[in-house]
Amino acid sequence: MLELTTNPFKRGFDHATPLWSRRALAILPTDGAPLIHRDIPVDHPYLSDDAWLGREVWFTDTHAGAVAYSPGMIDQDDVSHGVVENLVFGLYATEAGRTRHLADTPSAQAAGELLEAMRFTTGHYSRSWEISTDHLPGYAWDYLATQAMYRTPTGMMFEVFPVTQAHDCLVIGIKLVATPWTTCHLKSLEEHPVSLRKEQLKADVPAPLVDVLHLAAQADVRFLVFDPDAGILDGLPVYEE
């Protein structure tokens, strides 16, 4: 199995990237310091957006709370004070186990709209890629050429078809079925990426081709085209034959 630290087919934020928004306070410190943003503790009593505006708060390096709900915080040495000027709704993503702050929006509605725009949802954003045939060894390319010539259904959740053949330049397309090939998505089909891979290898689909198909399908690619004149996709193995 091909092992890569990142999937070269993935771009931006998709179904597999956790995205969320979080409400925070924009605070004007009483000591005249510039406006700051602080998160609200998860155990703080809920207050509506309007109820926070103009409210006196305490804040630390990470969090802030209403003085009226936690008077004991006033005399703490590491606590400062201020007034809530506004609320912001931050957008965050988790990548490679790390949380990234992406942007701030002025309302929950604006945050929701921006999150929706940033997400790639299966069934709404189909993806097509054209990559070089150099990403396949000769025997894997021969397998595709045979499948494209006879157009025999594989039954392996991908189908092969010829795109064009001119001047001895064969271009082959692959339709990936039921993407993305993730554990969560394939569960509804009573399938699993690991078992699907085993089935494909057992059916004599070349392993290098299986590797590329799974990377593409995990990124929700629907059509993958192999063209001798296409560019190299950085991150994928290249076979020089």
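A brief report on the enclosed structure follows.

Reading guide: rules and limits
- Residues numbered from 1 in each chain as written.
- Predicted model: local features only at pLDDT ≥ 70, side-chain atom pairs only at ≥ 80, totals over all residues.
- Heavy atoms only, no water.
- Helix = DSSP H or I, 4+ residues; strand = E, 2+ residues; numbered from the N terminus.
- Rg over C-alpha atoms; globule rule 2.2 N^0.38 Å.
- Buried < 20%, exposed > 50% of the residue type's maximum accessible area, 1.4 Å probe, protein only.
- Contact = heavy atoms within 4.5 Å.
- Areas by Shrake-Rupley, 256 points an atom, 1.4 Å probe, with all protein chains shown as cover.
- Lys, Arg positive; Asp, Glu negative; His and termini not counted.
- Charge placed at Lys NZ, Arg CZ, Asp CG, Glu CD.
- Polar contact = N/O pair within 3.5 Å; in protein donor to acceptor, adjacent residues only side chain to side chain.
- Pairing = 2+ DSSP bridges.
- Axes fitted to C-alpha atoms, helices over the stretch in contact; angles between N-to-C directions.
- Parallel < 35°, antiparallel > 145°, perpendicular 65-115°, else oblique.
- Left-handed = near helix turned anticlockwise from the far one by under 90°.
- Nonpolar A, V, L, I, M, F, W, Y, C, P; charged D, E, K, R; others polar.

Before going further, it helps to examine the overall build of the protein. Check the secondary structure of the protein and you find six helices and 10 strands. Relative to the globule expectation of 18 Å for 241 residues, the C-alpha radius of gyration of the protein, 26 Å, shows a markedly less compact shape. Each principal axis of the C-alpha distribution contributes one length, and for the protein these read about 80 × 35 × 30 Å. Looking at the 241 residues of the protein, the share that counts as buried comes to 43%. Of the contacts formed within the protein by residues at least 6 apart in sequence, a portion of 62% connects residues at least 24 apart. Counting every atom, the protein has about 13,600 Å² of accessible surface; 52% of that belongs to carbon and sulfur. Mean positive and mean negative side-chain charge positions of the protein (17 and 33 charges, respectively) differ by 5 Å.

Along the chain, H44 falls in the loop between β2 (36–39) and α1 (49–52). A relative accessible area of 13% means that H44 is categorised as buried. Here the side chain of H44 touches A66 through a polar contact of 3.0 Å, landing on its backbone nitrogen. If near-sequence neighbours (up to four positions away) are discounted, H44 is found in contact with W52, G65, A66 and Y69.

Bridge count between strand β1 (residues 19–29) and strand β5 (residues 80–95): 11 bridges; the pairing is antiparallel. Bridge assignment links P29 to a residue of β5, and that residue is G82. Alignment of β1 against β2, held across four bridges, turns out to be antiparallel. Considered in β2, the bridge of A24 is made with D39.

Two quantities define a packed helix pair, namely the angle between the helix axes and the distance between the axes. Two elements in contact, helix α5 (residues 193–202) and helix α6 (residues 207–218), have axes whose closest approach is 10 Å; the angle formed by their N-to-C orientations is 150°. Judged by the inter-axis angle, α5 sits roughly antiparallel to α6. The element α5 and its partner α6 pack so that their crossing is right-handed. Facing α5, whose interface residues are P193, L196, R197, Q200 and L201, α6 presents A207, V210, D211 and H214. For the contact of α5 with α6, a count of residues per class yields five nonpolar, two polar and two charged.

Right, let's talk about the environment of L224 for a bit. Here L224 lies in strand β10 (residues 221–227). Separated by 93 residues in sequence, L224 and I131 have C-alpha atoms that sit 7.7 Å apart. Beyond its immediate chain neighbours, meaning those up to four positions away, L224 contacts F9, W129, I131, I172, G173, I174, V212, L213 and A216.

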